[in-house]
Amino acid sequence: MRHPAGTRLPLFRRAFFDSWRSTLAWAAGLAAAAFLYLPLYPSIGGSEQMQEMINALPAEMTRALNYDQIASGPGYTQATLFGLIGFLLMSIATVAWGAAAVGGDEESGQLELTLAHGVRRVQVVLERALALLLRVLVLAALAFVIVTLLNGPSQLDIDPANLFGAVVLFAGLGLLTGTSALFVGAATGRRTYGLAAGAAVAVLGYVFNAVGRQSPDVEWLLKVSPYHWAYGNSPMVNGADWAAAGWLWGISAALVVLAAVALEQRDVGA
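Everything numeric in this text was worked out from a predicted model, so none of it was measured. Every chain is numbered on its own, with residues counted from 1 as its sequence reads. This being a predicted model, a pLDDT of at least 70 is required before a residue's local features are given, and a value of 80 or more before pairs of side-chain atoms are given or counted; all residues contribute to the totals for chains, interfaces and linings. Side-chain numbers come from the whole structure's heavy atoms, not from hydrogens or water.

A. Layout of the overall build of the chain. Secondary structure follows DSSP: runs of H or I at least 4 residues long count as helices, runs of E at least 2 residues long count as strands, and numbering of each begins at the N terminus. Across its full length, the chain holds 14 helices and zero strands. For the chain, the sequential pattern of α-helices and β-strands runs α-α-α-α-α-α-α-α-α-α-α-α-α-α. Relative to its 270 residues, the chain shows a buried fraction of 48%. Contact criterion: two residues are considered in contact whenever any of their non-hydrogen atoms come within 4.5 Å of each other. By sequence separation, contacts in the chain at least 24 residues apart represent 77% of the contacts at least 6 residues apart. A total accessible area of about 12600 Å² is found for the chain, and carbon and sulfur atoms account for 65% of it. Partly exposed describes any residue whose relative accessible area lies between the buried limit of under 20% and the exposed limit of over 50%, with all areas from a 1.4 Å probe on protein chains only and scaled to the type maximum. All accessible areas in this document rest on Shrake-Rupley with a 1.4 Å probe, and a residue is counted as covered only by the protein chains that are shown.

So this is what it looks like as structure tokens:
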């Protein structure tokens with residue numbers, strides 16, 4: 001399909017701009033979570049009452065929820081925003097976007113119509129993946145800006161370099177769940193299968209991290225947990241593990257390539 005010079009990346013433009021309401025809704029949810037949780041830190045973080053509450057909880061629970069970190073501002077932000085609520089919101093958003101990118105279009109019949117106009121299958125996958133990436137970057141950038149704005153007023157004492165590294169890992173983890181959904185959706189032509197795959201990466205990653213922290217006998221689970229790759233080093237406190245960031249982003253790129261290959265090699269709509 002030929003496009004005028006002013007309409008480069010038509011599938012990307014449509015995928016991104018047609019879903020602006022969805023992006024805005026998830027951005028609003030992430031912002032609400034940050035403004036709800038982070039300003040509470042001065043009244044509870046580092047206090048004797050908070051420490052007593054943490055000590056009263058089962059040690060297994062505090063390790064599973066990363067509540068053993070919340071006595072400091074960076075640890076509190078890591079545990080409540082990036083490691084829990086933000087992770088949940090980002091995962092739900094990216095899994096939905098990734099599953100719909102190719103699998104959802106094929107189920108609705110839109111993919112066959114798009115391909116009938118001479119669009120290459122590789123182009124479909126790459127431009128839809130680019131739209132997914134941009135949405136993830138929008139949410140990650142929003143998280144960076146909001147935490148930066150609240151850092152002083154909420155007495156979080158967060159190092160900007162550590163915050164940047166944590167946001168890169170936050171985006172990488174979200175992108176991995178989304179590209180997993182995109183790959184399975186492209187390989188099967190089914191949005192439901194894409195949703196299941198992306199959700200499995202997010203949920204199992206979180207569960208493996210929680211269980212793997214409980215006992216040396218199951219520490220091996222940490223090695224296969226993307227969640228632990230991202231947050232096992234406590235990036236808000238200790239700085240980012242850039243090797244882990246490379247794995248998250250690199251595997252996501254590989255999944256996009258595999259999605260393009262899978263779509264190229266099978267019958268669409270079969």
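B. Local environment of the pattern of salt bridges. Counted as salt bridges are all cases of a side-chain nitrogen of Lys or Arg within 4 Å of a carboxyl oxygen of Asp or Glu. Applying the stated criterion across every chain yields a total of three salt bridges. Taking the shortest distance from any N to any O, the salt bridge between Arg 14 and Asp 18 comes out at 3.1 Å. Here Glu 106 makes a salt bridge to Arg 266, at a shortest N to O gap of 2.4 Å. Taken together, the residues Glu 106 in helix α6 (residues 73–108) and Arg 266 in the segment after α14 (242–265) connect sequence positions 160 residues apart. There is no split in this pair, since Glu 106 and Arg 266 are both buried.

C. Molecular detail of the packing of aromatic side chains. Only centres within 6.5 Å qualify two rings of Phe, Tyr or Trp (six-membered ring in Trp) as a pair; their planes then separate them into stacked at under 30 degrees, edge-to-face at over 60, and tilted for everything else. Tallied over the full model, the rule gives nine aromatic pairs. Aromatic pair Phe 82 and Phe 170: ring centres 5.2 Å apart, planes at 75°, arrangement edge-to-face. Of this pair, Phe 82 sits in helix α6 while Phe 170 sits in helix α9 (residues 160–188), placing them 88 residues apart in sequence. For the pair shown, Phe 82 and Phe 170 are each scored as buried. Centre to centre, the rings of Tyr 206 and Tyr 227 are 5.1 Å apart; their planes meet at 80°, and the pair counts as edge-to-face. Placement of the pair is Tyr 206 in helix α10 (residues 191–212) and Tyr 227 in helix α12 (residues 226–231), with a sequence separation of 21 residues. Take Tyr 206 and Tyr 227: they sit in the same class, and that class is buried.

D. Region of the structure containing the packing of helix α8 (residues 121–151) against α9. To define axes, lines are fitted to C-alpha atoms, for helices over the stretch in contact only, and angles between the resulting N-to-C directions are given on a 0 to 180 degree scale. Where α8 contacts α9, the two axes come as close as 9 Å, and the packing angle between them is 150°. Judged by the inter-axis angle, α8 sits roughly antiparallel to α9. The chirality of how α8 crosses α9 is right-handed. On the side of α8, the interface is formed by Val 125, Ala 129, Leu 132, Leu 133, Val 136, Ala 140, Ala 143, Phe 144, Val 147 and Thr 148, while α9 contributes Pro 160, Leu 163, Phe 164, Val 167, Phe 170, Ala 171, Leu 175, Gly 178, Thr 179 and Leu 182. Note on angle classes: values under 35 degrees are labelled roughly parallel, values over 145 roughly antiparallel, values of 65 to 115 roughly perpendicular, and the remainder oblique. Two helices that cross are described as forming a left-handed crossing if the nearer one is turned anticlockwise from the farther one by less than a right angle, and a right-handed crossing if clockwise.

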